[in-house]
Amino acid sequence: MSVVMDTARFQRRKYLNIMVLCLSVLMTMFGLFWLVWLLWTLFSQGLPYVNSTLFFKATPPPGGTGGLANGIVGSLVLTVTGVLIGAPTGVLAGTYLSEFSRKSKIAPVIRFVNDILLSAPSIIIGVFVYEIVVVPMGHFSGWAGALALAMIALPVIVRTTEDMLRLVPDNMREAAAALGAPRWKVTTAIIYRAARSGILTGVLLAVARISGETAPLLFTALNNQFWSSSLNQPMANLPVVIFQFAMSPYDDWQHLAWAGALLITLAVLGLNIVARIILKTPKMRK
Amino acid sequence: MKQRQQTGAGPEQMDRGKVLDVLFVQGTRFFAWMVLLIILAVLFALGKGALPALEKFGPGFLTSSSWNPVTEDFGALVSIYGTLVTSIIAMLIGVPVSFGIALFITELCPVWLKRPVGIAIELLAAIPSIIYGMWGLFIFAPLFADHVEPWLNSRFAGVPLLGSLLTGPPMGIGMATAGIILAIMIIPFMTAVMRDMFEVVPDVLKESAYGIGATTWEVVRRVVLPYTRAGVIGGIMLGLGRAMGETMAVTFVIGNTNRIHASLLMPGNTISSSLANEFTEAVGEIYTSSLIALGLILFFITFIVLALSRLLLHHLSRQEGLRT
């Protein structure tokens with residue numbers, strides 16, 4: 001056997017390899033380029049209009065001065081209510097899937113459906129809540145918006161809770177059971193405590209996910225030009241205000257929309273980063 | 001009796017523990033069932049809402065391209081076409097880019113850079129869709145109209161097939177713009193899946209390929225890709241499902257007209273953008289019902305795509321929930 005190398009072929013393989021690797025670097029830069037561009041746009045368009053009026057005045061009529069205070073408060077109320085409905089439901093459902101469903105035949109189906117809901121179009125949830133809440137009530141309301149958000153948060157929380165509870169070693173369950181603790185106590189006092197930071201991460205990510213959602217609020221919470229303190233009434237919320245103001249022909253409305261867009265993005269990215277930090281800390285301690 | 005007293009728990013305490021146990025387990029089971037009930041309820045409510053339109057138009061609803069609120073004549077074809085075309089554009093751009101990024105992160109990237117790059121790409125998924133829409137309409141579309149579309153027009157005018165697809169008035173908004181923005185939005189989802197897949201390939205397989213002199217690309221092409229084929233396709237389907245259901249970003253930039261144009265530079269409509277634009281303004285039972293029927297169609301399409309994706313990703317490490 002000769003060891004003579006087919007130089008031309010070797011060169012071709014080498015160049016093909018270099019080309020693909022360069023392309024891969026280019027693709028990564030392409031991906032990061034959009035993130036930088038988006039953030040730069042948000043800061044340059046939104047930052048000049050972030051001031052105290054933004055946080056303390058309600059949305060103005062065209063040409064008037066005002067801020068986004070009712071939208072910000074409304075978004076907080078809707079998000080918090082949504083999570084208060086979605087988190088307990090999601091954590092308990094996740095607990096069942098992780099802890100009590102070993103012999104269940106329905107659990108894999110639930111898991112499968114939950115994974116589909118995780119990526120399902122949020123506008124469908126909006127139409128659904130419109131059908132079951134807005135139509136019977138006869139008007140748009142904050143409750144409908146909160147419910148729609150809860151349904152979007154739910155699959156995220158179910159999934160993270162199950163994942164996180166599964167990370168808790170079985171030894172802990174066995175040790176607690178050996179001491180005579182009933183299953184509810186094993187779960188609430190031992191397993192939840194061990195998985196606390198993981199569950200919290202899931203809830204925070206769900207908050208991040210729903211605080212920027214617009215589509216499901218369009219037909220549920222709608223919007224409100226004024227202060228709305230009752231969940232029974234249509235409720236102002238940042239995403240829909242941004243949508244309406246951005247699409248409007250008035251300059252000051254568009255400026256407010258950019259300022260709102262900056263606020264919402266910072267909040268969502270901040271939540272994402274905090275969630276990651278919370279998840280990482282206990283692992284690093286080990 | 002004797003044994004119980006020895007363990008210190010009286011019969012009453014034992015019984016109470018048992019009752020609480022049953023309550024707790026059944027309670028969690030109830031909430032798990034809620035997930036299943038929700039999807040059934042969505043199907044039922046959409047079906048019920050869509051019934052008047054489906055009864056009036058029959059199967060012709062799917063193939064009719066009319067959308068006229070005045071004469072109450074509705075069809076889903078334009079919206080379905082728009083949804084499919086924008087998603088296909090998004091896949092054509094998004095799949096190679098996601099593959100490149102996943103390749104970079106798993107095979108090329110120095111270890112210290114892995115986490116920052118990974119997180120930065122994931123943050124693309126965290127940015128709310130309405131932000132993409134605003135940026136697309138006010139920043140991207142004008143640039144696209146001024147610099148890219150005239151170039152496309154001069155480059156492809158007269159070329160068969162591509163000529164009719166890629167030329168048109170330089171408006172900035174339209175199907176092409178929507179497709180490009182969708183591509184950016186689904187890149188993080190597909191990248192995450194592909195990355196997870198590439199990382200589970202056993203090192204021994206890769207090392208043996210390197211050992212006989214394969215280049216990095218050959219290892220990826222001949223070892224990594226065949227090993228992870230199902231998962232990569234699953235990831236692509238996940239991206240497709242996301243692209244088809246995306247609403248706000250598309251609503252901003254697609255132009256919202258109910259006509260099918262040959263050119264990708266012309267405005268159009270998708271199922272989700274029709275819903276977002278018209279649902280609150282729809283008057284009359286048939287109009288609303290037709291919109292809900294559109295929603296039902298979207299539900300079916302995305303359900304099938306996402307279900308296929310999940311079946312392919314079945315054996316993947318279960319960390320997806322963390323990426324929302």
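Counting of residues starts from 1 at the beginning of each chain's written sequence and follows it residue by residue. In the order they appear in the text, chains get letters beginning with A and ligands get numbers beginning with 1. In keeping with the predicted nature of the model, local features appear solely for residues at pLDDT of at least 70, side-chain atom pairs appear and are counted solely at 80 or more, and the whole-chain, interface and lining totals rest on all residues. For the side-chain quantities, the full set of heavy atoms in the structure was used; hydrogens and water were omitted.

**Q** Describe in detail the overall build of chain B, supporting the description with residues and values.
**A** Note on conventions: DSSP H or I runs of at least 4 residues are helices, E runs of at least 2 residues are strands, and numbering of each starts at the N terminus. The helix and strand tally for chain B stands at 13 helices and 2 strands. Within these notes, the globule rule equals 2.2 Å times the number of residues to the 0.38 power, and the radius of gyration is based on C-alpha atoms. Radius of gyration (C-alpha) of chain B: 26 Å, far over the 20 Å computed for a compact globule of 324 residues. Projected onto the principal axes, the alpha-carbon positions of chain B cover approximately 95 × 65 × 35 Å. Here the analysis covers contacts within chain B between residues at least 6 apart in sequence; of these, 74% occur between residues at least 24 apart. Working definition of accessibility: Shrake-Rupley area with a 1.4 Å probe, residue cover restricted to the visible protein chains. With the model as given, the accessible surface of chain B reaches about 14000 Å², and the carbon-plus-sulfur share is 66%. Charge counting follows a simple rule: Lys and Arg are positive, Asp and Glu are negative, and His as well as the terminal groups are ignored. Taken as the charge centre is NZ of Lys, CZ of Arg, CG of Asp or CD of Glu, depending on the residue. Charge-centre separation for chain B: the mean point of 20 positive side chains lies 10 Å from the mean point of 20 negative side chains. The contact criterion used is simple: two residues touch if any of their non-hydrogen atoms lie within 4.5 Å.

**Q** Mind laying out the overall build of chain A, listing which residues take part and the relevant values?
**A** Counting secondary structure elements, chain A contains 12 helices and 0 strands. Reading the secondary structure of chain A in the N-to-C direction produces α-α-α-α-α-α-α-α-α-α-α-α. In summary, chain A has a C-alpha radius of gyration of 25 Å against a globular reference of 19 Å for 286 residues, an excess of more than 25%. Put simply, 73% of the contacts in chain A that link residues at least 6 apart link residues at least 24 apart. In the form shown here, chain A has an accessible surface area of approximately 13000 Å², with 68% of it arising from carbon and sulfur atoms.

**Q** Could you give an account of the packing of helix H6 (residues 142–167) of chain A against helix H9 (residues 196–211) of chain A, naming the residues involved and the relevant values?
**A** Between two packed helices, what matters for the description is the angle formed by their axes and the separation of those axes. Residue and element names in this part refer to chain A. For helices, the axis comes from a line fit to the C-alpha atoms of the stretch in contact; other axes are also lines fit to C-alpha atoms, and the angle between any two N-to-C directions lies between 0 and 180 degrees. One way to put it is that H6 packs onto H9 with a least axis distance of 8 Å and a crossing angle of 155°. As the angle between them shows, H6 and H9 are arranged roughly antiparallel. Two packed elements cross with a definite hand, and for H6 against H9 that hand is right-handed. Along its contact with H6, which presents Leu149, Ile152, Ala153, Val156, Ile157, Thr160, Thr161, Met164 and Leu165, the element H9 presents Gly198, Ile199, Gly202, Val203, Ala206, Arg209 and Ile210. In this classification, the charged set is Asp, Glu, Lys and Arg, the nonpolar set is Ala, Val, Leu, Ile, Met, Phe, Trp, Tyr, Cys and Pro, and all remaining amino acids, among them Gly, are polar. A class-by-class count of the residues in the contact of H6 with H9 yields 11 nonpolar, 4 polar and 1 charged. Oblique is the label for any angle not covered by the other classes, which are roughly parallel (under 35 degrees), roughly antiparallel (over 145) and roughly perpendicular (65 to 115). Rotating anticlockwise by less than a right angle from the far helix to the near helix defines a left-handed crossing, while the corresponding clockwise rotation defines a right-handed one.

**Q** Give a description of the state of the cysteines that names residues and reports values.
**A** Cysteine sulfur pairs qualify as disulfides if the two atoms are within 2.5 Å. Evaluation of the coordinates by the stated rule reveals 0 disulfides over all chains. Left unpaired, Cys109(B) is separated from the closest cysteine sulfur, that of Cys22(A), by 15 Å.

**Q** If you had to explain the packing of aromatic side chains to someone new, which residues and values would you point to?
**A** Both the distance between ring centres and the angle between the ring planes are used here to describe each pair of aromatic rings. Two aromatic rings from Phe, Tyr or Trp, using only the six-membered ring of Trp, form a pair when their centres are within 6.5 Å; if the ring planes differ by under 30 degrees the pair is stacked, by over 60 it is edge-to-face, and anything between is tilted. For the structure shown, the criterion picks out 28 aromatic pairs over all chains. Between Trp34(A) and Phe140(B), the ring centres sit 5.9 Å apart and the planes meet at 65°, which makes this aromatic pair edge-to-face. With Trp34(A) in helix H1 (residues 7–46) and Phe140(B) in helix H6 (residues 129–156), this pair bridges two chains. In this structure, Trp34(A) and Phe140(B) share a single accessibility class: buried. By definition, being over a ring means that NZ of Lys or CZ of Arg is both within 6 Å of the ring centre and within 35 degrees of the ring normal. Positioned over the ring face of Phe156(B) is Arg155(B), at 5.6 Å from the centre of the ring. One Lys or Arg, Arg242(B), reaches over the ring of Phe189(B) and ends 4.0 Å from the middle of that ring. We call a residue buried when its accessible area falls under 20% of the maximum for its residue type, exposed when it is over 50%, and partly exposed in between, using a 1.4 Å probe and counting protein chains only.

**Q** Account for helix H4 (residues 77–108) of chain B, naming residues and giving values.
**A** All names here are of chain B. For H4, with 32 residues, the first-to-last C-alpha span of 45 Å sits near the 46 Å given by 1.5 Å per residue. Throughout, the bend at a residue refers to the angle made by two axes, fitted to the seven residues ending there and to the seven starting there. By the largest-angle criterion, glycine 94 marks the main kink of H4, which is about 30°, and a proline, proline 96, follows within four residues. Burial within H4 is extensive, with 23 of its 32 residues counted as buried. What a helix is expected to span follows from its residue count: subtract one and scale by 1.5 Å.

**Q** Which residues make up the side chain of Ser263(B), and what are the values?
**A** Considering the arrangement of structural elements, one finds Ser263(B) in the loop between helix H11 (248–253) and helix H12 (271–278). Not counting chain neighbours up to four residues away, the residues in contact with Ser263(B) comprise Ser164(B), Leu165(B), Thr167(B) and Gly168(B).

**Q** Give a description of the domain arrangement of chain A that names residues and reports values.
**A** Residues and elements named next belong to chain A. Segmentation into domains, and thus their bounds, comes from an automatic or database assignment. Domain annotation for chain A reports domain 1 (2–49) and domain 2 (53–285). Spacing between the C-alpha centres of domain 1 and domain 2 amounts to 36 Å. Once two parts are brought into contact, the accessible area they lose, counted with a 1.4 Å probe and summed over both, makes up the buried area. When domain 1 packs against domain 2, the two sides together hide about 780 Å² of surface, and 83% of this comes from carbon and sulfur. Take a side-chain nitrogen of Lys or Arg and a carboxyl oxygen of Asp or Glu: if they are within 4 Å of each other, that pair is a salt bridge. At the surface where domain 1 touches domain 2, the tally comes to 0 salt bridges. Under the rule applied, a polar contact is a pair of N or O atoms within 3.5 Å (in protein, one hydrogen donor and one hydrogen acceptor; residues adjacent in sequence only if both atoms are side-chain atoms). Between the two partners, domain 1 and domain 2, sit 1 residue pair in polar contact (both at pLDDT 80 or more). Grouping the amino acids of the side of domain 1 that touches domain 2 by side-chain chemistry returns 5 nonpolar, 3 polar and no charged.

**Q** Report on the packing of helix H5 (residues 122–137) of chain A against helix H13 (residues 285–312) of chain B, specifying residues and quantitative values.
**A** The contact between H5(A) and H13(B) brings their axes to 10 Å, and the two run at 135°. In this view, H5(A) runs oblique relative to H13(B), as classed from their interaxial angle. The two elements H5(A) and H13(B) cross, and the hand of that crossing is left-handed. Of the residues in H13(B), those in contact with Ile123(A), Ile124(A), Val127(A) and Glu131(A) of H5(A) are Ile292(B), Gly295(B), Leu298(B) and Phe299(B). Considering only residue class, the contact of H5(A) with H13(B) consists of 6 nonpolar, 1 polar and 1 charged.

**Q** Pulling in residues and values, what's your account of the confidence of the model for chain B?
**A** All names here are of chain B. Values of pLDDT, the confidence the predictor places in each residue, fall between 0 and 100. Taken as a whole, chain B shows an average pLDDT of 89; of its residues, 94% reach a score of 70 or greater. Overall, residues 1–6 carries pLDDT values under 50, and its contacts beyond four positions in sequence, including any with other chains, amount to 4 contacts. Low pLDDT, under 50, characterises residues 317–324; the stretch is placed with 33 contacts to residues that sit more than four places away or in other chains. Both confidence scores are given for the complex: pTM 0.91, ipTM 0.91.

**Q** Give a description of unusual backbone geometry that names residues and reports values.
**A** All names here are of chain B. Phi at glutamate 72 takes a positive value of approximately 55°, unusual for a residue other than glycine. Summarising the element assignment, glutamate 72 is placed in the loop between strand S1 (67–68) and strand S2 (73–74). A relative accessible area of 27% places glutamate 72 in the partly exposed class. Its identity is not glycine, yet asparagine 256 carries a phi of approximately 50°, on the positive side. Structurally, asparagine 256 is set in the loop between H11 and H12. Since its relative accessible area comes to 28%, asparagine 256 is described here as partly exposed.

**Q** Provide a residue-level description of helix H2 (residues 11–57) of chain B, including the pertinent values.
**A** Residues and elements named next belong to chain B. Here H2 spans 67 Å end to end across 47 residues, near enough to the 69 Å set by a 1.5 Å rise per residue. Roughly 45° is the biggest bend found in H2, and it falls at leucine 51, with proline proline 52 one to four residues downstream. Positive backbone phi, at 65°, marks glycine 58, one or two positions downstream of H2.

**Q** With reference to specific residues and values, describe the environment of Trp143(A).
**A** Residues and elements named next belong to chain A. Position of tryptophan 143 relative to the elements: it lies in helix H6. For the pair tryptophan 143 and methionine 235, spaced 92 residues apart in sequence, the C-alpha separation works out to 9.0 Å. Those residues within four positions of tryptophan 143 in sequence are excluded, and the remaining contacts are Thr81, Leu231 and Asn232.

**Q** Please give an account of the interface of chain B and chain A that cites residues and values.
**A** Each partner contributes residues to the interface: chain B has 85 residues there, and chain A has 88 residues. With both chains or domains summed, chain B and chain A bury close to 8100 Å², and 80% of this area falls on carbon and sulfur atoms. At the surface where chain B touches chain A, the tally comes to 2 salt bridges. One salt bridge connects Arg13(A) with Glu218(B), and the closest N-O pair in it is separated by 2.6 Å. At the junction of chain B and chain A, the tally comes to 11 residue pairs in polar contact (both at pLDDT 80 or more). At the level of secondary structure, the elements contributing two or more residues to the side of chain B that touches chain A comprise H2, H4, helix H5 (111–126), H6, helix H10 (216–245), H11, H12 and H13 of chain B. Counting residues per element, the side of chain B that touches chain A draws most heavily on H2(B), at 20 residues.

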